[in-house]
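Analysis of the macromolecular model
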Amino acid sequence: MKLHEALNINLNQINREIENLVARDKDVPPRSQLQQSILGLIGSGGKRLRPLMVIVGSRFGRKPVDRRTLQLSAAAEFIHAASLIHDDIIDNAELRRGEPALHTRTGVLPAVHIGNYMSARVIELLSKYTGDKNRYVHDLSSVATAQLCLGEYQQMEHAYDYDLTMEQYFEKSRNKTALLMATCLRVGALSAESPEEIADLLYTFGEALGMSFQIQDDLLDFTQSAEVLGKPAGSDLRHGQVTLPVLFALQDPKLAPAIRTIGPASSEAEVDTVLQLIKNSDALYRTEQVSQDYLEQAAAIVEQLSHYPAHTDLKTLLQYFAGRDH
Amino acid sequence: MNRQLIEDTFRLLQAEISPIAGIQLHLSLVECEQLLPVLERYDLEYTRKVHLLGLYTILTLAAQRHMECVPHHPDLTRNILDGDYLYSFYLQFAVKCRELDLVAYLAPSIKKMQIRRSSGDWTQENPAAEMALFLDQEYKGRNRTSKAI
């Protein structure tokens, strides 16, 4: 069963809302490169985890899901997709979800501004919710997006840095991935007028879940095929991203010297050899254990929310994240 | 007076911006001068002038950084990240300064600029003109309210 089915969420309705953000924007010329590029990217798939998390968050509120919650869920996907467009330029990635990356079709400068359009459209849409009590609607575009950028800065600063500490790795992962997921649950809850303390608990749950998600992502780069990933396997190491499996492998004095030789000029064969060394070590197992620890932290929060019927949705999210293979 | 305003604005922004981003905020006097006469035209508190000049600075720098995103440029990654960070910082700063009405007013024009630039129209944009229209509208609204009272 797919995640949205297990959560009993109408994904078509969310997809329509996401598409309408650009398709119904009167300022966007029909069939323009911008419109076609965004619809193409949105239509190429994606798990829609962030919109689903907004909807799940809203189930902890007093009000049923309304238009504002749906718009927030679409906004979450737009912000995520905009960041993917810019990420692909930064990584010089040629593929996204198995298709040519957007910037390879439009050129870099137009692609940068297509991503910007998506962020600007979200701010325009959510600006209609005025007043102090609605300030949270901007959390996705302000705090969460700023943190996402900070995670990217940290990643850039520590490329090929084999002296990266665990703390630095966790902070980067929190900024880059976990806090946007946490914010999705929180704004969903607040949009349905949940108590502030419940929204905060959901935020902490989302943060733990997001950390587990990023660590699993790091693992999948070692364990999955290019076909499943939609991009070349092992690309993190090739691009100098020192992920958790690499950090654990670096603790093995027999592996560390080989890993430390990998740099921007390393050949495919050299990278493949090191990838194999890491795969054969206990680094992947230890990484999996850390991911499990975060899932257990999230599970403990579910227990605190067990008086809400929607706590079963959090369990569903946990099960999905625990069994993710792509 | 203007020099003081510019210095106070940059000092405030630099204190608010994350050191992780490592962005040095700087606008030339010529660029600042586009907004300064606008700020002088209205009876604004000094703190508000600082906030408005701050928002103008962030927006101008964000757009500039993204215009420098040229393939194979050695600073391509930094230019993308700086622009992205500054656009989110703009909203964070506006929330903190309680300038969300301005954000709502500017949102359509900022969006339209991104649409134009995505299709290769690189015409120079001037957020000062839009900010002037916002202040004008705000001033007229305030005048109507005081007359009604």
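Residues numbered from 1 in each chain as written. Chains lettered and ligands numbered in written order. Predicted model: local features only at pLDDT ≥ 70, side-chain atom pairs only at ≥ 80, totals over all residues. Heavy atoms only, no water.

**Focus on the overall build of chain B**
For chain B, the helix and strand inventory stands at seven helices and zero strands. Listed N to C, the secondary structure of chain B is α-α-α-α-α-α-α in terms of helices and strands. Taken over the C-alpha trace, chain B has a radius of gyration of 16 Å; the compact-globule value for 149 residues is 15 Å, and the two agree within 12%. Across its three principal axes, chain B shows a C-alpha extent of roughly 60 × 35 × 25 Å. Counting over 149 residues, chain B shows a buried share of 50%. A total of about 7,400 Å² of accessible surface is found on chain B, and carbon and sulfur atoms cover 54% of it. (Helix = DSSP H or I, 4+ residues; strand = E, 2+ residues; numbered from the N terminus. Rg over C-alpha atoms; globule rule 2.2 N^0.38 Å. Buried < 20%, exposed > 50% of the residue type's maximum accessible area, 1.4 Å probe, protein only. Areas by Shrake-Rupley, 256 points an atom, 1.4 Å probe, with all protein chains shown as cover.)

**Structural notes on the interface of chain B and chain A**
On the side of chain A, 37 residues touch chain B, which itself brings 35 residues to the contact. Roughly 3,300 Å² is buried in total at the junction of chain B and chain A, and carbon and sulfur atoms are behind 72% of that figure. Its largest share of buried area at the contact with chain A, chain B owes to Ile20, Leu81 and Lys111 of chain B, together 19% of the area lost on that side. Across the chain B-chain A interface, the total number found is three salt bridges. Note that aspartate 25 of chain A is salt-bridged to lysine 111 of chain B, the shortest N-O span being 2.9 Å. Within the residue set of the side of chain B that touches chain A, elements represented by two or more residues are α4 (46-67), α5 (76-96) and α6 (100-118) of chain B. Element by element, the count of residues in the side of chain B that touches chain A is highest for α5 of chain B, at 13 residues. Split into classes, the residues belonging to the side of chain B that touches chain A amount to 21 nonpolar, seven polar and seven charged. (Contact = heavy atoms within 4.5 Å. Buried area = accessible area lost by both parts, 1.4 Å probe. Salt bridge = Lys/Arg side-chain N within 4 Å of Asp/Glu carboxyl O. Nonpolar A, V, L, I, M, F, W, Y, C, P; charged D, E, K, R; others polar.)

**Looking at helix α3 (residues 33-43) of chain A**
Buried within α3 of chain A are the following residues: Leu34, Gln35, Ser37, Ile38, Leu41 and Ile42 of chain A. All buried residues of α3 of chain A fall inside an arc of 165° around its axis, so they share one side. In this structure, the buried side of α3 of chain A is in contact with α2 (11-23), α5 (67-90), β1 (95-96), α6 (102-106) and α7 (108-126) of chain A together with α6 of chain B. In the segment just after α3 of chain A, glycine 45 of chain A is the residue with positive phi, at about 120°. (Arc of directions from axis to C-beta.)

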